[in-house]
Amino acid sequence: MPIDTREQIANAVRTLLVEKHVKRLTVKDIVDECSITRQTFYYHFEDIPDLLRWIIERESEKVMEECIAQGDAERGLRYLFLVAVNLRAVVQQSLKTNYGEELERIMAQQFRACFGQIVDALGLYRQYSRADLALIIRYHSAAMMGLLQDWTAADTEDLEHIVYQVYLILTGEASALD
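As a starting point, this report considers the structure included with it. (Residues numbered from 1 in each chain as written. Predicted model: local features only at pLDDT ≥ 70, side-chain atom pairs only at ≥ 80, totals over all residues. Heavy atoms only, no water.)

**Quick notes on the packing of helix α5 (residues 73–95) against helix α9 (residues 159–170)**
Here is step 1 of the chain: For the pair α5 and α9, interaxial distance at closest approach is 9 Å and the crossing angle is 125°. Between α5 and α9, the crossing angle belongs to the class labelled oblique. Relative to α9, α5 is oriented so that their crossing is right-handed. The segment α5 lies against α9, with A73, E74, L77, R78, F81 and L82 engaging L159, E160, I162, V163, Y164, V166 and Y167.
Here is step 2 of the chain: In terms of residue class, the contact of α5 with α9 is made up of 10 nonpolar, no polar and 3 charged. (Axes fitted to C-alpha atoms, helices over the stretch in contact; angles between N-to-C directions. Helix = DSSP H or I, 4+ residues; strand = E, 2+ residues; numbered from the N terminus. Parallel < 35°, antiparallel > 145°, perpendicular 65-115°, else oblique. Left-handed = near helix turned anticlockwise from the far one by under 90°. Contact = heavy atoms within 4.5 Å. Nonpolar A, V, L, I, M, F, W, Y, C, P; charged D, E, K, R; others polar.)

Structure (structure tokens):
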């Protein structure tokens with residue numbers, strides 16, 4: 001089956017960022033890497049931030065589907081952590097590019113969307129207003145991003161404990177921490 005042009009472009013971006021460590025990502029770099037014309041690139045994407053948004057949204061959808069397929073919230077959360085930890089190097093490299101701020105904003109939006117889906121799927125925080133719920137979701141998203149930014153080898157070894165504690169906090173069972 002032939003590869004979709006959008007996917008081909010996304011693969012070129014991954015190659016440029018991860019393997020070639022490009023810091024100043026340009027459309028020229030992308031079209032040269034995947035042997036297409038600029039016109040083809042602009043047919044599929046408005047600009048590089050549009051492409052990056054598409055990549056992140058698409059990958060986030062796949063991750064959420066797999067989280068849900070895990071069967072319960074704690075296993076889904078563990079899967080989410082594993083994916084995030086495994087993608088950490090790619091994300092850090094991507095944030096060093098000229099689109100780092102844009103990427104960070106898109107990722108924050110995706111984390112909020114992810115936690116929003118988790119909250120809806122589990123029926124959490126029903127007692128809160130929509131404004132309070134938005135704040136809670138922002139809080140959880142920022143906490144998760146912060147945790148991943150400072151992730152260490154010791155955290156990886158302690159993954160099960162971290163997942164359990166985050167699960168307790170997320171589900172409102174934090175009193176079990178006492």
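From this point, things continue past the structure.
**Here we look at helix α6 (residues 100–122)**
Here is step 1 of the chain: Taking 1.5 Å per residue as the helical rise, α6 with its 23 residues ought to reach 33 Å, and the 33 Å between its terminal C-alpha atoms agrees with that figure.
Here is step 2 of the chain: Just past α6, the residue G123 takes up positive phi, approximately 65°. (Expected span 1.5 Å × (residues − 1).)

**Re the packing of aromatic side chains**
Here is step 1 of the chain: The tally for this structure, following the rule as stated, stands at 5 aromatic pairs.
Here is step 2 of the chain: Ring centres 5.6 Å apart and planes at 65° place the aromatic pair F45 and W54 in the edge-to-face group. Of the two residues, F45 and W54, neither departs from the other in class, the shared state being buried.
Here is step 3 of the chain: Put simply, the rings of F41, Y42, F45 and W54 pair up and form one aromatic cluster.
Here is step 4 of the chain: The ring of F45 has R6 lying over it, and the distance from NZ or CZ to the ring centre is 4.7 Å. (Phe/Tyr/Trp six-rings, centres within 6.5 Å; stacked < 30°, edge-to-face > 60°. Buried < 20%, exposed > 50% of the residue type's maximum accessible area, 1.4 Å probe, protein only. Lys NZ or Arg CZ within 6 Å of the ring centre and 35° of its normal.)

**Comments concerning the pattern of salt bridges**
Here is step 1 of the chain: The tally for this structure, following the rule as stated, stands at 12 salt bridges.
Here is step 2 of the chain: Between E160 and R78 there is a salt bridge; the shortest N-O distance is 2.8 Å. You can see E160 sitting in helix α9 and its partner R78 sitting in helix α5, a full 82 residues away along the chain.
Here is step 3 of the chain: We classify E160 as partly exposed; its relative accessible area is 45%.
Here is step 4 of the chain: Linked through salt bridges whose partners overlap, the residues forming this network are E7, R14, R58, E59 and K62. (Salt bridge = Lys/Arg side-chain N within 4 Å of Asp/Glu carboxyl O.)

Without other data, these values stay purely geometric and don't point to any function.
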